Amino acid sequence: MLFPSAVTVSLVPQAAGGPFVFWDGLEASCAKAAALGFDAVEVFPLSADDLNAHELRGLLQSHGLKLAAVGTGAGWVVQKLRLTDPDGLVRARAKNFIASIVDLAGKLGAPAIIGSMQGRVDAGVTRAQALAWVAESVEQLAPRAHEYGVPLLLEPLNRYETNLFNTVSDTLEFAKGLHTRNLKLLCDCFHMNIEEVSIAESLRNAGDAVGHVHLADSNRRAAGLGHTDFSDVARALKGIGYLGYLSAEVLPLPDADVAAKQTLATIQSLRQI
Ligand SMILES: [Mn+2]
């Protein structure tokens, strides 16, 4: 089916207020996602050790759900690990944190996401140095993901969250300079609404480098509750032959159920375009 749907599940209390739809634990969240009709869940764990892969596999099977992706953001939010930390020991711990999630997600057939773990270009560090540090880790992590037959996802974030990868074109240029061909972009419509000249044009430029899509409106609410033109986005994704998920990384407003149902209604209408 075109545009399979996914919904975010946060298992990170410290991320309260963040753009995740479900917060009530794996079991209740999987049950709710399946009952509403989602094809998959996207999970944000505290760490690989904290997520019981056996339990998750069982819940996915019993509810007929897939795992769309697994986030690594808790490595930054909780443990303050970044791939661009000036301290080499912190960078190594950041890489290992992501590697353990690549393994966990990979065994369940899903990619891991590098978003906030990219860090930023700190004062006193050149952009070239920061990019080299990310490249060093990604050159190890992306082939590791390939062992599981999944890509590694790198997400450009808006300027209020990082000064490293803000645009699709910056991130594409970085990916093209690597030896690995297994790094794909996570294109988040909320960040793109802030940074891109045209969301649709940027998706067309990225083409088969688009590995995952976060479907969120201009205000980080569910698609359809802001002012982004998603028909334009859907036409661009169809044009590039995108077969991945549209995943709702959105605020649970006015509540989780309404945000989830609004997302599904929007995805259903986009399939008709
Ligand atoms: Mn995102």
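A. Molecular detail of the packing of aromatic side chains. Counting across every chain of the model gives 3 aromatic pairs. Their ring planes at 75° and their centres at 5.7 Å tell us that Phe-20 and Trp-23 sit as a pair that is edge-to-face. Take Trp-23: its relative accessible area is 27%, and that puts it in the partly exposed class. Ring centres of Phe-165 and Phe-174 lie 4.9 Å apart, and the angle between their planes is 55°; on these two criteria the pair is classed as tilted. Summarising the burial analysis for this pair, Phe-165 and Phe-174 share the class buried.

B. Just the nonpolar core, in detail. Core analysis: the biggest nonpolar cluster contains 63 residues, and Val-41, Leu-67, Ile-114 and Leu-152 have the highest contact counts within it. It is helix α4 (residues 88–107) that provides the largest number of residues to this core, a total of 9 residues. By size, the runner-up hydrophobic cluster in this structure holds 25 residues, among which are Leu-172, Ala-200, Ala-206 and Leu-215.

C. The sheet that holds strand β8 (residues 246–248), seen in detail. Around the barrel, which closes on itself, the 8 strands sit in the order β1-β2-β3-β4-β5-β6-β7-β8 with parallel pairing between neighbours. Neighbouring strand axes in the sheet, compared pairwise and without regard to direction, differ in orientation by 30° on average. Summarising the sheet, strand β2 (residues 40–44) and strand β3 (residues 66–71) pair through 4 bridges and their orientation is parallel. Considered in β3, the bridge of Ala-40 is made with Lys-66. Its contacts with the sheet place α4 against β3, β4 (112–114) and β5 (152–154), and it is angled at close to 150° to β4.

D. Region of interest: the coordination of the manganese ion. For the manganese ion, the full set of protein donor atoms is Glu-155 (OE), Asp-188 (OD), His-214 (ND1) and Glu-249 (OE), and the range of their distances to it is 2.0 to 2.2 Å. When the donors of the manganese ion are listed by position in the chain, the intervening gaps give E-x32-D-x25-H-x34-E. A residue pair is termed long-range when its members are at least 10 positions apart, and Glu-155 in the loop between β5 and α6 (168–176) and His-214 in strand β7 (residues 210–214) qualify at 59 residues.

E. Highlighting the packing of helix α8 (residues 199–206) against helix α9 (residues 230–239). Between α8 and α9, whose axes approach to 8 Å, the crossing angle comes to 10°. By the criterion of interaxial angle, the relationship of α8 to α9 is roughly parallel. Between α8, through Ile-199, Ala-200, Leu-203 and Arg-204, and α9, the contact on the second element is made entirely by Asp-232, Val-233, Ala-236 and Leu-237. Across the contact of α8 with α9, the residue classes tally to 6 nonpolar, no polar and 2 charged.

F. Representation of α6. Within α6, burial applies to Val-168, Thr-171, Leu-172, Phe-174 and Ala-175. Buried positions in α6, seen along its axis, are confined to an arc of 160° and lie on one side of it. The exposed set on the far side of α6, more than 90 degrees from its buried face, consists of Glu-173 and Lys-176. Those residues of α6 hidden inside the fold are in contact with α5 (127–146), β5, β6 (183–188), α7 (189–195) and α8.

G. Inspection of a nonpolar patch on the surface at higher detail. Together, Trp-76, Val-77 and Val-78 line one region of the surface with nonpolar side chains, adding up to about 200 Å² of accessible area. On the secondary structure map, Trp-76 appears in helix α3 (residues 74–77). Judged by relative accessible area, Trp-76 falls into the partly exposed class, the value being 30%.

H. Layout of the environment of Pro-151. Position of Pro-151 relative to the elements: it lies in the loop between α5 and β5. Judged by relative accessible area, Pro-151 falls into the partly exposed class, the value being 22%. Each C-alpha atom, one on Pro-151 and one on Leu-65, is 20 Å from the other, the two residues being 86 residues apart in sequence. Excluding anything up to four places from it in sequence, Pro-151 contacts Pro-111, Ala-112, Ala-145, Asn-182 and Lys-184.

I. View of the pairing of β7. With 4 of 5 residues buried, β7 is to be regarded as a mostly interior element. Here 4 bridges tie β6 to β7, and the two strands are oriented parallel to one another. For Asp-188, the partnering residue across the bridge sits in β7 and is His-214. Judged from the 2 bridges that link them, β7 and β8 form a sheet pairing that is parallel. Note that in β8 the partner of His-214 across the bridge is Ser-247. Note that the unit made of β7, α9 and β8 has a crossover that is right-handed.

Criteria and cut-off values
Residues numbered from 1 in each chain as written. Predicted model: local features only at pLDDT ≥ 70, side-chain atom pairs only at ≥ 80, totals over all residues. Heavy atoms only, no water. Phe/Tyr/Trp six-rings, centres within 6.5 Å; stacked < 30°, edge-to-face > 60°. Buried < 20%, exposed > 50% of the residue type's maximum accessible area, 1.4 Å probe, protein only. Core = buried A, V, L, I, M, F, W, Y, C linked by side-chain atoms within 4.5 Å. Helix = DSSP H or I, 4+ residues; strand = E, 2+ residues; numbered from the N terminus. Pairing = 2+ DSSP bridges. Axes fitted to C-alpha atoms, helices over the stretch in contact; angles between N-to-C directions. Contact = heavy atoms within 4.5 Å. Donors = N, O, S within 2.8 Å, 3.2 Å for Na, K, Ca; no water. Parallel < 35°, antiparallel > 145°, perpendicular 65-115°, else oblique. Nonpolar A, V, L, I, M, F, W, Y, C, P; charged D, E, K, R; others polar. Arc of directions from axis to C-beta. Patch = residues over 30% accessible without salt bridge, like charges linked within 9 Å, V, L, I, M, F, W, Y side chains within 5 Å. Areas by Shrake-Rupley, 256 points an atom, 1.4 Å probe, with all protein chains shown as cover. Salt bridge = Lys/Arg side-chain N within 4 Å of Asp/Glu carboxyl O. Right-handed = clockwise from strand over helix to strand, strands pointing away.

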